[in-house]
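Letter by letter, the chains look like this.
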Amino acid sequence: MKTYLKSEKGYALLLTVAVLILFSILGLSLLTLTASGVKKNENRQYQIQSRDLADKGITFIVEETQQYFEAALSNAIKSGQSGITKDAFKSLLETAIDKRNIKCNTNKFMEIQGNDGNMSKVCIENIGMVSNNEKDAFKRIVTYRSTGISGGKEFTVRQDIILGTDAVPDQLRYAVSTNEGGNLYFHGGVEVQGDIKSDGNIYINKNAHWVSGSSTKWENSVALKSIPDNKSITSKFILTNENNNIYYYERLSGDFKSYQGLTPTQTIKISDSNKIATLKSRLTDSNNIAFITKDTAGDSVNISKRINDIYPLKSMIKKEYNNLNITTNSHETSKLVKTDNILITDYSYETKKVCSGKKCTDTQVITGLKNSSFTINGNNKNIKLLGSYYVNGDVKIENTNLESDAILYVDGTVSIKDSTLKGISPESTLIIFATGNIEISNISEYDTTASKIKGFFYTKEDMIMYGVGSNVQITGGLSAKNLRLTALRGNVTTLYRKKWIIWPFYYELELTNITAGNANTQTASPSRLKIIYDENLIAQYTSFERGLEEEFITSINEPQIMERY
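Residues numbered from 1 in each chain as written. Predicted model: local features only at pLDDT ≥ 70, side-chain atom pairs only at ≥ 80, totals over all residues. Heavy atoms only, no water.

(A) A look at the overall build of the protein chain. Along the protein chain, the regular secondary structure elements total six helices and 34 strands. Taking all 565 residues of the protein chain together, 47% fall into the buried category. Within the protein chain, contacts between residues at least 6 apart in sequence are counted, and of these 60% link residues at least 24 apart. (Helix = DSSP H or I, 4+ residues; strand = E, 2+ residues; numbered from the N terminus. Buried < 20%, exposed > 50% of the residue type's maximum accessible area, 1.4 Å probe, protein only. Contact = heavy atoms within 4.5 Å.)

Have a look at this one:
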């Protein structure tokens, strides 16, 4: 019989050793995996940091270049100039963009050092023209190459960025703007599509005004509607001074030019987010609005100088008139084209002796310009207007179905009333720069269809535009020292009364009321005064013939990122 040993001594030791070996293997595996994970995380972190450093390199050089532009402009203005001349700005473009001499093809870089040996290396691969159009003459498209380096990892990015300026008056950048500390007034259901800039306060109320004789009439309406232009997510209310206010009124009464004795429903500072939220709720369908304070370029448009500068340049002037009066479409101006220059002025003279050898004669010499005028009255017929008009005096357009593709420089006032406005073609424009007041009223009066015009109206003084009886849509912009816009929404009805001249034999009908629907009806109806910002306005403005020295450079565009690759 076999005998088996039943002793278990030594088994526990064997089991313990086996367990230790197993856990050692597992521990080493876990340690290896952890170390590998840490290494991968480090590599991933370095890759992310290198990409971030590459982006920051381009941001740094672009911001530095932009500050160089801004400093040059600021220094020019501080020295008493209106801005930077166009010739000087062309030189500045090349100097500012490559002032560090970092062309990629020369292997020269700007190195931006970071922490722990991290860095960005930036160079310029190419500097080119944006296009051959005049509007792009003072801009360049720059291709930057930036390499971010972190922990031995590199990442390279390229970006095309447009730098420079459009070289046009700053006022052309807004749908509606005021200058020289002037205020902006929105009475009733005006609609603005695009950015709004005020150099003073902004006044908003829910009733619209019109004028009968010397009396102001107020009609119930709704508040301003402000919406973004087609290229923006938000529309902007821009105040150039943080101490300026926005005043909101439910109703106004009395003279439309005076707010004395009237207490606003709400006084708003842009910095007060709660009051801004309340204001948004009071406006008509206006949710996507940004309220900001921003320094903008001053008013540098010099209309009088422009007119004085052109009159000696006879070769540039196609036609010259004293007191031009157009009453028919067969007038010789109907044969002009868009690029023609027309001067309207009178002259002052003095007699001087002009000698040639021993012979002297009395000669009339021009000593300056005298006021003239430009009037269009088509007796409700069509009149075409083409070209660039330089008017040393007032402009009056009335009782005319005006078809235009023209720009007017007016050293005087402008009145447009009892007319309709449209372009000769869908891309035609009417651009007016004036030194005196502009009033636009009774345009497509009581019509259900608006006069639609691409254009821009600017004055160094005050402007008022009516959309109560009038029905107008401006695709472009408006700018004045003080700007008043007043409108109803939807179709309107009129109420007249008998005004006796010789009772009981003779009377005239006097307009007493112009009314639209209730608040709900007006909110759902189109405005009778709508301003839509047109991004092509700058290109249209520059398509007219203008001298190189017409305007100074007074503002710099924000850098425009075109492509990242």
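(B) Examining the pattern of salt bridges more closely. Evaluated as defined, the whole model comprises 21 salt bridges. For Lys-422, the salt bridge is made with Glu-403, and the minimal N-O distance between the two is 3.9 Å. A residue pair is termed long-range when its members are at least 10 positions apart, and Lys-422 in strand β24 (residues 414-423) and Glu-403 in strand β23 (residues 393-410) qualify at 19 residues. The exposure class of Lys-422 is partly exposed, given its relative accessible area of 45%. Note on Glu-403: relative accessible area 12%, which makes it buried. (Salt bridge = Lys/Arg side-chain N within 4 Å of Asp/Glu carboxyl O.)

(C) Broad picture of the state of the cysteines. One pass over the structure, following the stated rule, counts two disulfides. There is a disulfide in this structure between Cys-355 and Cys-360, and the S-S distance comes to 1.8 Å. The chirality of the disulfide connecting Cys-355 with Cys-360 is right-handed, given an S-S dihedral of about 105 degrees. (Disulfide = S-S within 2.5 Å.)

(D) Just the packing of aromatic side chains, in detail. Throughout the structure, instances matching the rule amount to 15 aromatic pairs. Between Tyr-185 and Tyr-259 the ring centres are 5.6 Å apart and the planes differ by 35 degrees, which places this aromatic pair in the tilted class. Residue Tyr-185 is located in strand β6 (residues 184-188), and its partner Tyr-259 is located in the loop between β14 (246-249) and β15 (266-268); the two are separated by 74 residues in the primary sequence. One aromatic cluster in this structure is built from Tyr-185, Tyr-203, Tyr-247, Tyr-249 and Tyr-259. In this structure, Arg-306 is placed above the aromatic ring of Tyr-409, and the distance from its NZ or CZ to the ring centre is 6.0 Å. Seen from the ring of Tyr-185, Arg-484 lies directly overhead, with NZ or CZ sitting 4.3 Å from the centre. (Phe/Tyr/Trp six-rings, centres within 6.5 Å; stacked < 30°, edge-to-face > 60°. Lys NZ or Arg CZ within 6 Å of the ring centre and 35° of its normal.)

(E) Structural detail: the side chain of Ser-419. Mapped onto the elements of the fold, Ser-419 is located in strand β24. Of the polar contacts made by the side chain of Ser-419, one reaches the backbone nitrogen of Asn-399; its length is 3.2 Å. There is a polar contact of 3.1 Å between the side chain of Ser-419 and the backbone nitrogen of Thr-400. If sequence neighbours within four positions are ignored, Ser-419 has contacts with Ile-397, Glu-398, Asn-399, Thr-400, Asn-442, Ile-443 and Ser-444. (Polar contact = N/O pair within 3.5 Å; in protein donor to acceptor, adjacent residues only side chain to side chain.)

(F) Structural detail: the nonpolar core. In this structure, Phe-186, Ile-204, Phe-374, Tyr-389, Leu-408 and Leu-485 are the most contacted members of the largest nonpolar core, which totals 63 residues. Counting 26 residues, the second-largest nonpolar core is a separate cluster that includes Leu-92, Met-110, Tyr-144 and Ile-553. (Core = buried A, V, L, I, M, F, W, Y, C linked by side-chain atoms within 4.5 Å.)

(G) Expanded view of the pairing of strand β1 (residues 110-113). Alignment of β1 against strand β2 (residues 119-129), held across four bridges, turns out to be antiparallel. What sits directly across from Glu-111, in β2, is Lys-121. (Pairing = 2+ DSSP bridges.)

(H) Region of interest: the pairing of strand β27 (residues 451-459). Most of β27 sits inside the fold, with eight of its nine residues counted as buried. One ladder, built from five bridges, connects strand β25 (residues 430-434) with β27; its direction is parallel. The residue bridging Phe-433 from the neighbouring strand is Tyr-458, located in β27. In terms of strand pairing, β27 meets strand β29 (residues 472-480) through eight bridges, oriented parallel. If you follow Phe-456 over to β29, its bridge partner there is Gly-477.

(I) Broad picture of a nonpolar patch on the surface. Residues Leu-15, Val-19, Leu-22, Phe-23 and Leu-26 make up a contiguous nonpolar surface patch of about 480 Å² in total accessible area. By the element assignment, Leu-26 lies in helix α1 (residues 11-78). Among the residues examined, Leu-26 registers a relative accessible area of 48% and is labelled partly exposed. (Patch = residues over 30% accessible without salt bridge, like charges linked within 9 Å, V, L, I, M, F, W, Y side chains within 5 Å. Areas by Shrake-Rupley, 256 points an atom, 1.4 Å probe, with all protein chains shown as cover.)

(J) How the structure looks around the environment of Phe-456. By secondary structure assignment, the location of Phe-456 is in strand β27. The class of Phe-456 is buried, set by a relative accessible area of 1%. When the C-alpha positions of Phe-456 and Gln-171 are compared, they lie 9.5 Å apart, and in sequence the two are 285 residues distant. Here Phe-456 is in contact with Gln-171, Leu-172, Leu-430, Ile-431, Ile-432, Phe-433, Gly-477, Leu-478, Ser-479 and Leu-537, once residues within four sequence places are set aside.

(K) Up close: helix α2 (residues 86-97). An ideal rise of 1.5 Å per residue puts 16 Å on twelve residues; α2 measures up with 17 Å between its terminal C-alpha atoms. Here α2 has its buried residues at Lys-86, Phe-89, Leu-92, Leu-93, Ala-96 and Ile-97. In an axial view of α2, the angular spread of the buried residues amounts to 115 degrees, which keeps them on one side of the axis. (Expected span 1.5 Å × (residues − 1). Arc of directions from axis to C-beta.)

(L) Layout of the environment of Arg-484. Looking at the element boundaries, Arg-484 is found in strand β30 (residues 482-487). By relative accessible area, Arg-484 is classed as buried at 11%. Considered as a pair, Arg-484 and Phe-186 are 298 residues apart in the sequence and their alpha carbons are 6.3 Å apart. Contacts of Arg-484, omitting those with residues within four sequence positions, involve Tyr-185, Phe-256, Lys-257, Met-463, Ile-464 and Met-465.

(M) Inspection of unusual backbone geometry at higher detail. Phi is positive for Asn-107, close to 55 degrees, though the residue is something other than glycine. Mapped onto the secondary structure, Asn-107 falls in the loop between α2 and β1. Overall, Asn-107 belongs to the exposed group, its relative accessible area being 62%. Residue Asn-399 is not a glycine yet carries a positive backbone phi of 50 degrees. Relative to the helices and strands, Asn-399 is located in strand β23.

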